[in-house]
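Observations on chain architecture
Here is what each chain is made of, one letter per residue.
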Amino acid sequence: QRLARLVPGSSPVVGLDYDGIDESATASRSMDESIGRFHRMLMQRRRAHLERMAANGHQLVMFGFCIGACYAHAMADRLKRDLDLDIRLVYFDGHPAQWLSGARMSDIFRQSRRALQIVRAKGGIERRLVRQGCRQMRLVGRHSAGRVDVDALLLRSCAINRSWELSSDAWQPYVRS
């Protein structure tokens, strides 16, 4: 409920899925390619609304969960350059891309293998989601985030592996606050 209060009631919500979850879609080869696809889709469907928001000084709240925080950050960079929007990023248990490139990938994939073992007893969608999560981790780990002049808020669930420290300090080099 507290999370929902971060988004004004009159704001539209647009959700983005990682490309490749839908088996009919071709998966991107890089995070930049994914962001380009997301950006084109958003501009096709919501450009007029975003331009009105920018003209009226309304804030766009972008939410990213886990590695989705890296995607929200990269998308904010594109939107800020294109439309000069006032953007607020809300990261939920999300590390910067540079953390993922420096993290021990064996730890990350060991966690993913455990998840894969759990979902093997379930259906195909769960297996596809875990495979996509592993693929996205590799893409994000090769991405280098730049600084974006936006406000950001980090929310923690305290469910993150203890060896994976996470604080708002991790994002300081990449956002305004």
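I will try to describe carefully the structure that is included in this document. In this text the structure is predicted, and so the values were computed from the model without any measurement.

Conventions used here
- Residues numbered from 1 in each chain as written.
- Predicted model: local features only at pLDDT ≥ 70, side-chain atom pairs only at ≥ 80, totals over all residues.
- Heavy atoms only, no water.
- Helix = DSSP H or I, 4+ residues; strand = E, 2+ residues; numbered from the N terminus.
- Expected span 1.5 Å × (residues − 1).
- Bend = angle between axes of the 7 residues up to and from the residue.
- Axes fitted to C-alpha atoms, helices over the stretch in contact; angles between N-to-C directions.
- Parallel < 35°, antiparallel > 145°, perpendicular 65-115°, else oblique.
- Left-handed = near helix turned anticlockwise from the far one by under 90°.
- Contact = heavy atoms within 4.5 Å.
- Nonpolar A, V, L, I, M, F, W, Y, C, P; charged D, E, K, R; others polar.
- Core = buried A, V, L, I, M, F, W, Y, C linked by side-chain atoms within 4.5 Å.
- Buried < 20%, exposed > 50% of the residue type's maximum accessible area, 1.4 Å probe, protein only.

Things to note about helix H1 (residues 31-56)
- In a regular helix each residue adds 1.5 Å, so 26 residues correspond to 38 Å; H1 covers only 31 Å between its end C-alpha atoms and thus falls short of that length.
- Taking the largest bend as the criterion, H1 deviates by roughly 80 degrees, centred on Arg46.
- Positive phi appears at Gly57, one or two residues downstream of H1, with a value of about 70 degrees.

Some words on the packing of H1 against helix H2 (residues 68-83)
- Relative to each other, H1 and H2 sit at 50 degrees, their axes nearing to 10 Å. Taken as axis vectors, H1 and H2 run oblique relative to one another. Note on packing geometry: the crossing formed by H1 with H2 is right-handed. In this structure, H1 uses Met31, Ser34, Ile35, Gly36, Phe38, His39, Leu42, Met43, Arg47, Leu50, Glu51 and Ala54 to contact H2, whose residues at the interface are Cys70, Tyr71, Ala74, Met75, Arg78, Leu79, Asp82 and Leu83.
- In terms of residue class, the contact of H1 with H2 is made up of 13 nonpolar, three polar and four charged.

So, the nonpolar core
- One finds Leu50, Leu79, Ile87 and Leu89 to be the most contacted residues of the largest nonpolar core, which totals 37 residues.
- At the level of elements, H1, strand E1 (59-65), H2, strand E2 (86-92), helix H3 (97-102), helix H5 (124-141) and strand E3 (151-155) are the ones that each hand at least two residues to this core.
- At nine residues, H2 tops the list of elements feeding residues into this core.
- Once residues lying within four places of it in the same chain are set aside, the contact partners of Leu50 are Leu42, Met43, Leu60, Leu79, Leu83 and Leu85.

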